[in-house]
Structures are given as structure tokens and as C-alpha cells.
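# Fold and geometry: a report
Chain by chain, the residues run as shown.
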Amino acid sequence: MMTDKNQVMEQVYTVEAGNFISAGEASGHIKKLLKQLGVDSNIVRRVTIAAYEAEMNMVIHSVGGELILKITPDRIAVVAQDRGPGIPDIDLAMREGYSTAPETARELGFGAGLGLPNIKRCADDLKIQSKMGEGTLLEAYFDIKAR
Amino acid sequence: MDKYYHSVTLDKDKCMGCTNCIKRCPTEAIRVRDGKARIMAERCIDCGECIRVCPYHAKVAVTDPLTSIEKFPYKIALPAPALYGQFKNASINAILTGLKKLGFDDVFEVARGADYVTEFIKEAMRDPERKKPVISSACPAIVRLIQVRFPELIDNIINIESPMEIAARLAKKEFCQKNGVKEEEVGAFFITPCAAKMTSIRSPIGIERSCVDGAISILEIYGPLYNEIVRLEEDDSLQTASPYGVLWANSGGESSALGLDNHLAVDGIQNVIRVLEEIEDDKLTDLEFFEGLACPGGCVGGPLVFENGFVAKNRIRRLSEKAEGRHLSREEIVGTKKKIQWSFEKEILPKPVMKLDDDITLAMKKMEAIERIYDGLPGLDCGSCGSPSCRTHAEDIVLGYASEMDCVFKLREKVKELAQQMIELSEKIPGGKVTNKSE
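What you see is a predicted model; the values in this text were computed from it and never measured.

### A short note on the overall build of chain B
For chain B, the helix and strand inventory stands at 16 helices and 11 strands. Principal-axis analysis of the C-alpha atoms places the extent of chain B at approximately 100 × 50 × 40 Å. The 439 residues of chain B split such that 46% are buried. Sequence-distant contacts in chain B: of pairs separated by 6 or more residues, those separated by 24 or more amount to 76%.

Rendered as C-alpha cells:
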């Protein structure tokens, strides 16, 4: 973890492809951290759900990557960066119910095609860039409203 | 009333300063300082886990002595259904009769209170606007756990009073009506399997004031009650609760009484925490009802019971089959709702005691310091420093409750460093001459 002079706190978690033993640990850690920071419980909930979905997406679909949490006093960012294979059609992937999850993941109850739409619903802003063969960069932003 | 009343307290003389309780506390509320455990009042939820695990019985629940019933001209016993599982070969009627022999003028089964609560919840569940899953409010330790660790789920808690409160209110009303006495003259005493209920009486959640006047632990009453039961020649017919009400003592009893298909009943506080995490993460949105009980097996496994919880659970299941109480009629349910306060009158507020600072910028600074200190700690989570884990030790250092040298490994490093310096110093000879002793 590091905080620079612009008051950005950053935490990086490595996410392994296909590893269901540690899957969910990164988002679980994020939840605990945000609660300790005293972030509003509703925001904590939304960030955690988005982080979990992003983490599971990487476990199921990617060849592996990193989940990064960035916090400033007014904004939280959940960034998921993987090393491939990339999303061929992002619009299609954003559609509720659309899934390319393999049978092994579906057997575990994943792959209902709700991951990305769920992230979109939770986040105040969502950006996705993807290049086939290179990887996907997902950035979900959450405003910490002044209370 | 204290800001934080707690039934769970420490018997300092018995405390050996070991690590058993600090490691098991679900809200990380205990530290060992100066060789004795200390409970952080604002974090404790009175679940009684520490009472269960302390090998020296240094954690105690403050409850009322049996003699305290003498303060009232008329006394009513409110036995928790968990009491029924404590005695081999005793019928519910024998247990209730035994209670009367101990000096109570009347008994009112909390299981009967549970029968009413069951109906109230059934009605409330018909409201389609209710946040799902609806979370049971039966276990006060779980309600407090939600206040401290899962504030986002407070709105899911069913806003209906506990069977103990309902039983106390009905018992007093009925007793006063029948005997023509004033309510102030009647004391209602809960026979409790747990500490959390005692706390609920002194500082209740959701209501202004409890109608219960005291709590006597099952452990305290076990001996005298046993002696009465074995001497009974005849039982009075006092049992009125339905089999479903009796089964509230066991985990899953409330859920099966509600007759809901899609429910989840979990017991043991760590297990409950794992499921609450899932509910908070919206992973169980299709679930209708969640019953979480802090003690293993449900209230039968409470820290203040005598009998082995699993043995008691089986006994209660068998006794419930013989329970004679019938289902409540529509009129009884509606009438009772008019007669007594049956739902919460106050909002349940969050208690965000785990947060580092009210100001997020300062909290971030503290978090960064915690991470930095944590990186330097051995990561063994041995508890020797008095904090439950290396992580909490780092938090305690930053919050000013501990110092880095409380860590035995850090201390050893420091001693080694100092020893090294001493050797170096000892080898220095005045006058600038240096002798080489090696080889």
C-alpha cells in the first residue's frame, strides 16, 4: 500500500486465473479496508459487489491479472487489469444474461451473464477497454459523497 | 444506566492472561494488557464466546441471583425453551411445576411467546416491500453484531419484539387481570441460557424499556430446580406452548415454525458472520428469511447452560413432539397485538466501532501506517502481544493502544541488536588500540 502526496491510496491484489480457492479474497479484503476507513456502508457494499464481480471475471475468463483499489478522500476506483484474452464485443458482454463462461464455472453457479451489468449498476462510472490478445482494463468509479 | 452495559465481564483474579479469548472474539473486542484480559466495552456484543472458551472461567456473565425475585410481592418465571433440554427424563410440565416450587407464583413459557412472535413475523413477511432476506431478531448477539459489523443489513432485521419480551408483557397482563394486582407488584424473570439476553434487559435494542425485571442463568437455577423436580409427586398441567414454540430453542426452530420454504438457519457466530458477509454482498438475494444464532446448535448451546448442547437439542426435539399447545387463533393474534407493544418502537442504529477515524483523510493516513507496521511484524498471529493477530496489533499501535515492543519477536530483534552493539562496544579499547580476538 502506498499513499502519495495527492492523497491517493493504492492497494494491488494479484488475481490468478481458475483459482477458486482464493477467489473472493481480494474483494473481501477491500470490504474490510473500506469499513475501517469509515466509508459510508452503502458505498462499501457497492464497491465490494463490483470488486467481487471484477475479481470473479478475471478468475473465470482471463489468463490472470490484477485488481487494484485506489482511494482518494472523494473517490474510490476499482481497477481490474488482465493480460488477456480480451472481450471481443463489449456491448454484447454488457447485456444482462450474456455469458461466455465455460462449463466448469457454470457448474459452480457462475456465468449467469450478470457480472458486467452488475458492476455497471453498482458503480457511479464505468470504463472498459479491451484488446483481443492483449487484455482488458476495467475501471469502476464510486463517489464518496460529502456527508 | 451505563453507556455500555455488558453482562459479560472479567473476573480479574482468575484471568491468566492467555490468548484463548482474544483469538475467538468475533468483534476483536479483547486485548491482554499487563497480563490480564480487557474487554473494549464499545465493541463487545455480549455473545459469550469468551465465556465458552476461557479455560480458567475468568469470563463471567453477570446475571441476577435467584434471591432477587424476592424484591417483588409477585413473581413470574419466564423459562427459555432451552431450559427444557437440561434434565434427563423430566417433562415440560415437571420443569414448570418445579419452577413454581422454587417460589414463583406463576410461569409463562417463552416458547408461548415464540408462538405469538411466529404469527407476527408470518404477517409481516406478507409485506412485499420488505427487504429480503428478512433477518431474525431473535438472537440479541447477532443483532448487535449487525450493528457493529454489518450496518448495511440493519433494515433487513425484522422489527418484532423477542419471544422473551412478548412473554413478559402477556404474563404480567394476564397475571394482573386474574389476581387483581398492580403491574408494579409483579416481577418477571427470564431463565436464561445466555448473557446477551441479560444485556437486552438492561439496555434493550428497538424498545425503550424491557418489561423483564431480571435474568437468572440456567446454571444458577439448575441445582435447586433439579432438587425440586426429583421430589415432585405430581406435575401441574402448565404447558401451553406449541411444538413449534418449544423448538425455537434449537437452531432452525424459528424458521420451521414460520413454514417458509426458502429459509436459511445458521448457528455458531463465525458461521453466521460468513453468511452475513454473503448477504451484504448481495449474493443471497433470492433468500426469504435468515435465522442466525450465535451459539452452536442454537440457544440450547448457550454459554450459561449446564447440559451438553447436542444432547439437549435432541431432548428438546423429543419433548416438542409431546407439547400440547395448539396454534393461536386469529382472534388471539389480533387481540394480543392490541393489548401489548409487539413491534420495535425505536430505530436500530449502526455502531461503527471498527472504523479508524471519523475523517477519511486521517483514516487513510492511519491505514497506511498500519500497513507499514504490519509488514514489519512476523505474521504468526501468536497473540503474545495481547492483540488477537499481527494485523490488529498494527492497528492497536496506530490507535495508541500498544507499542511495537509488545511483539516478542520485535523485542528479540531489538535485544539482539543491542547485544551486538554491546559486543562491539566491549571490543573497543581505550587509547585507540584494537585487539583482534577472532581466529
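### Overview of helix H12 (residues 309-322) of chain B
Residues and elements named next belong to chain B. In a regular helix each residue adds 1.5 Å, so 14 residues correspond to 20 Å; H12 covers 20 Å between its end C-alpha atoms and thus fits that length. Every buried residue of H12 is listed here: Gly309, Ala312, Lys313, Arg315, Ile316, Leu319 and Ser320. On an axial view of H12, the arc spanned by its buried residues comes to 165°, and they lie on one face. Facing away from the buried side of H12 by more than 90 degrees, the exposed set consists of Arg318, Glu321 and Lys322. Lining the buried residues of H12 we find helix H3 (92-101) and helix H9 (243-246).

### Things to note about the interface of chain A and chain B
Opposite the 19 residues of chain A that make contact, chain B presents 18 residues. For the side of chain A that touches chain B, the element with the highest residue contribution is helix H2 (residues 41-61) of chain A, accounting for six residues. Here the side of chain A that touches chain B is composed, by residue class, of 10 nonpolar, seven polar and two charged.

### Points about the sheet that holds strand E7 (residues 134-135) of chain B
Residue and element names in this part refer to chain B. Here three strands make up an open sheet; going across it, the order is E7-E11-E10 and the pairing parallel. Single-partner strands in this sheet number two, and they are E7 and strand E10 (263-267). As defined by bridge partners, E7 adjoins strand E11 (residues 289-293) across two bridges and the pair is classed as parallel. Within E11, the residue paired with Val134 across the bridge is Phe289.

### Side note on the nonpolar core
Buried together is how nonpolar side chains tend to be arranged in soluble globular proteins. Counting 105 residues, the largest nonpolar core has B:Ile76, B:Leu78, B:Ile95 and B:Ala249 as the members making the most contacts within it. Here this core spans two domains, and each of domain 1 (8-61) and domain 2 (66-339) of chain B adds at least three residues to it. Excluding residues within four positions of it along the chain, B:Ile95 makes contact with B:Leu83, B:Tyr84, B:Phe87, B:Ala90 and B:Ile229. Counting residues in each nonpolar core, the second largest holds 50 residues, with A:Leu34, A:Ile71, A:Leu116 and B:Met367 among its members.

### Concerning the sheet that holds strand E9 (residues 214-217) of chain B
Residue and element names in this part refer to chain B. Across the sheet, four strands lie side by side as E6-E5-E8-E9; this open sheet has parallel pairing. Two strands lie at the open edges of the sheet, namely strand E6 (106-107) and E9, each paired on one side alone. In the sheet, strand E5 (residues 74-79) pairs with strand E8 (residues 186-192) via six bridges, with the strands oriented parallel. Among the inter-strand pairings, Ile76 is bridged to a residue of E8, identified as Ala188.

### Some remarks on the pairing of strand E3 (residues 65-72) of chain A
Residues and elements named next belong to chain A. In this sheet, E3 lies alongside strand E2 (residues 9-15) in antiparallel orientation, the contact comprising seven bridges. Residue Val15 lies in a different strand from E3, and its bridge partner there is Gly65. Here E3 pairs with strand E4 (residues 75-82) via eight bridges, running antiparallel. Across the sheet, the residue bridging to Ile68 is Val79, located in E4. Joining the antiparallel neighbours E3 and E4 is a turn of two residues.

### Some thoughts on the domain arrangement of chain B
All names here are of chain B. Assigned domains within chain B: domain 1 (8-61), domain 2 (66-339) and domain 3 (360-427). Inter-centroid distance (C-alpha atoms) of domain 1 to domain 3 is 23 Å. At the level of elements, helix H1 (20-24) and strand E2 (30-33) are the ones that each hand at least two residues to the side of domain 1 that touches domain 3. Tallying contributions element by element places E2 first for the side of domain 1 that touches domain 3, with three residues. Residues of the side of domain 1 that touches domain 3, tallied by class, amount to three nonpolar, one polar and four charged.

Parameters and conventions
- Residues numbered from 1 in each chain as written.
- Chains lettered and ligands numbered in written order.
- Predicted model: local features only at pLDDT ≥ 70, side-chain atom pairs only at ≥ 80, totals over all residues.
- Helix = DSSP H or I, 4+ residues; strand = E, 2+ residues; numbered from the N terminus.
- Buried ≥ 20, exposed ≤ 12 C-beta atoms within 10 Å, placed from the backbone.
- Contact = placed C-beta atoms within 7 Å.
- Expected span 1.5 Å × (residues − 1).
- Arc of directions from axis to C-beta.
- Nonpolar A, V, L, I, M, F, W, Y, C, P; charged D, E, K, R; others polar.
- Pairing = 2+ DSSP bridges.
- Core = buried A, V, L, I, M, F, W, Y, C linked by C-beta atoms within 7 Å.
- Domains from an automatic or database assignment.

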